[in-house]
Each structure stands twice: as structure tokens, then as C-alpha cells.
Amino acid sequence: KRLLTDDVSQELLRHKAAEKIIPPETLQSVQQTEPDFARRGCREIGELCGADQVLWIEVQDFLAKEDVEDVAEAAYALVTVRVIDVHAENKWRVRVWPDNPQGQVVSAKLSAATVQRAGERDAIAKDISMSLSRKIARHFYEYRPADFEGEDE
């Protein structure tokens, strides 16, 4: 999760899709000092961190193994993404994006060849994170599809 958080942050900043991103250390500090942190919602946590909006990424499925069992999908990640307005006064209108209440589904997969090149689990996770972060960030800036041809391995 930390890897994906860092990668998405860098993608958003690189493409000027975000002006400011709350550092992970701020979230860690809130997590350590707030007694009921685990019971709080993402809007409330965002408020405690000083954010205006929260990019909420929820991991639905993840596989990154060194031993390839399925050649077509040797490693993959599936997440849902939502943007939450921290300052929304009506708790039923906190979701800014997408229109779908379940969130935007984003996935990334790696071929067996890519997994074998990466070698170890950490490198595989890094490759998946990079691919997933680009796909997530693209929802928040303009791009040409041709810029990303051949990205899904």
C-alpha cells in the first residue's frame, strides 16, 4: 500500500493533477495519536490530516508471486478508486468522483515474462504498482492514449 501511495502521488504531481499531497508521515502521525483511528472514515481522517480531498484507493485483489502459475496473469492488482470531499457538509454527498458509488475499478496485470524478469516479489510488486499508479493518475489529467500503448503486459 505504501508503494502504491508513493507511486500515485508522484504520478499526480508529475502531471500537475495535484498541487499538494499530504505526506505519508502525516497520516502515520494521525494514526498513532488518534485513539479511534481504525473506526474513522476516510473523510474524517482526511480532515485530521489537513486535506481538502482524499483519493481513496481500496485494494480488492492482489497477487505477486515469484512462481508463475498462470502465464496470462502471472501477477495482478485490482483496486477501486474514489475521490472524497473532506469539507462536504452533507455526509451523503462526500464522494466527488466517480458517479458510481462502488468507485472506479482499476487493474493492472503482468505477464509471466515480466514477472520472471522482475525476479523477486518486491520487484514484481514495484512493477504492478507503477502500472497501477499510471492508470489511476490518468483519471485526473488529460493524456493521449497513444502515449501508453503497450503498457499492459
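For the structure, see preceding data.
If you're wondering where the values come from, they're calculated on a predicted model, not measured in any experiment.

**Details of a negative patch on the surface**
Logical step 1: Side chains of Glu66, Asp67, Glu120 and Asp122 sit close together on the surface and give a patch of like negative charge.
Logical step 2: Topologically, Asp122 is positioned in helix H5 (residues 121-137).
Logical step 3: Classification of Asp122 by relative accessible area gives exposed; the value is 60%.

**Let's talk about the nonpolar core**
Note on soluble globular proteins: their nonpolar side chains tend to be buried together.
Logical step 1: Counting residues in each nonpolar core, the largest one holds 21 residues, and the members touching the most others are Val79, Ile124, Ile128, Leu132 and Ile136.
Logical step 2: Sorting elements by how many residues they give to this core places H5 first, with five residues.
Logical step 3: Once you skip the residues sitting within four places of it in the chain, Leu132 turns out to touch Leu4, Ala77, Val79, Val106, Ser107 and Ala108.

**Points about helix H3 (residues 42-49)**
Logical step 1: Every buried residue belonging to H3 is among Cys42, Ile45, Gly46 and Cys49, and all of these are buried. Summarising the axial view, the buried residues of H3 lie within an arc of 100°, below the 170-degree limit, and thus occupy one face.
Logical step 2: On its buried face, H3 sits against helix H2 (24-33), strand S1 (53-64) and strand S2 (75-85).
Logical step 3: Among the residues trailing H3, Gly50 stands out with phi positive, at a value near 85°.

**Details of the packing of H2 against H3**
Logical step 1: Packing of H2 against H3 leaves a shortest axis separation of 9 Å and a crossing angle of 110°. With respect to their mutual orientation, H2 and H3 come out roughly perpendicular. Between H2 and H3, the residues in contact are Thr26, Leu27 and Val30 and Ile45, Leu48 and Cys49, respectively.
Logical step 2: Classifying every residue of the contact of H2 with H3 by side-chain character gives five nonpolar, one polar and no charged.

**Some details on the layout of surface pockets**
Logical step 1: The calculated volume of the largest pocket comes to roughly 1500 Å³.
Logical step 2: Lining of the largest pocket is provided by 37 residues; of these, Thr5, Leu27, Val54, Leu55 and Trp56 occupy positions nearest its centre.
Logical step 3: Counting residues per element, the ones that place at least two in the lining of the largest pocket are helix H1 (2-14), H2, H3 and S1.
Logical step 4: In terms of residues, the lining of the largest pocket owes the most to one element, S1, which gives seven residues.
Logical step 5: A breakdown of the residues in the lining of the largest pocket according to their chemical character gives 23 nonpolar, seven polar and seven charged.
Logical step 6: Its volume calculated, the second largest pocket comes out at about 170 Å³.
Logical step 7: Surrounding the second largest pocket, Lys1, Leu3, Leu4, Val59, Phe62, Ala77, Val79, Ala125, Ile128, Ser129 and Leu132 form its lining.
Logical step 8: Elements with a minimum of two residues in the lining of the second largest pocket: H1, S1, S2 and H5.

Thresholds, definitions, all that
- Residues numbered from 1 in each chain as written.
- Predicted model: local features only at pLDDT ≥ 70, side-chain atom pairs only at ≥ 80, totals over all residues.
- Heavy atoms only, no water.
- Patch = residues over 30% accessible without salt bridge, like charges linked within 9 Å, V, L, I, M, F, W, Y side chains within 5 Å.
- Areas by Shrake-Rupley, 256 points an atom, 1.4 Å probe, with all protein chains shown as cover.
- Salt bridge = Lys/Arg side-chain N within 4 Å of Asp/Glu carboxyl O.
- Lys, Arg positive; Asp, Glu negative; His and termini not counted.
- Charge placed at Lys NZ, Arg CZ, Asp CG, Glu CD.
- Helix = DSSP H or I, 4+ residues; strand = E, 2+ residues; numbered from the N terminus.
- Buried < 20%, exposed > 50% of the residue type's maximum accessible area, 1.4 Å probe, protein only.
- Core = buried A, V, L, I, M, F, W, Y, C linked by side-chain atoms within 4.5 Å.
- Contact = heavy atoms within 4.5 Å.
- Arc of directions from axis to C-beta.
- Axes fitted to C-alpha atoms, helices over the stretch in contact; angles between N-to-C directions.
- Parallel < 35°, antiparallel > 145°, perpendicular 65-115°, else oblique.
- Nonpolar A, V, L, I, M, F, W, Y, C, P; charged D, E, K, R; others polar.
- 1 Å grid on protein atoms, 1.4 Å probe; cavity = no way out; pocket = protein on both sides within 12 Å on 5 of 7 lines; lining within 4 Å.
- Points joined across faces, edges and corners; volume = space filled by probe spheres on them.

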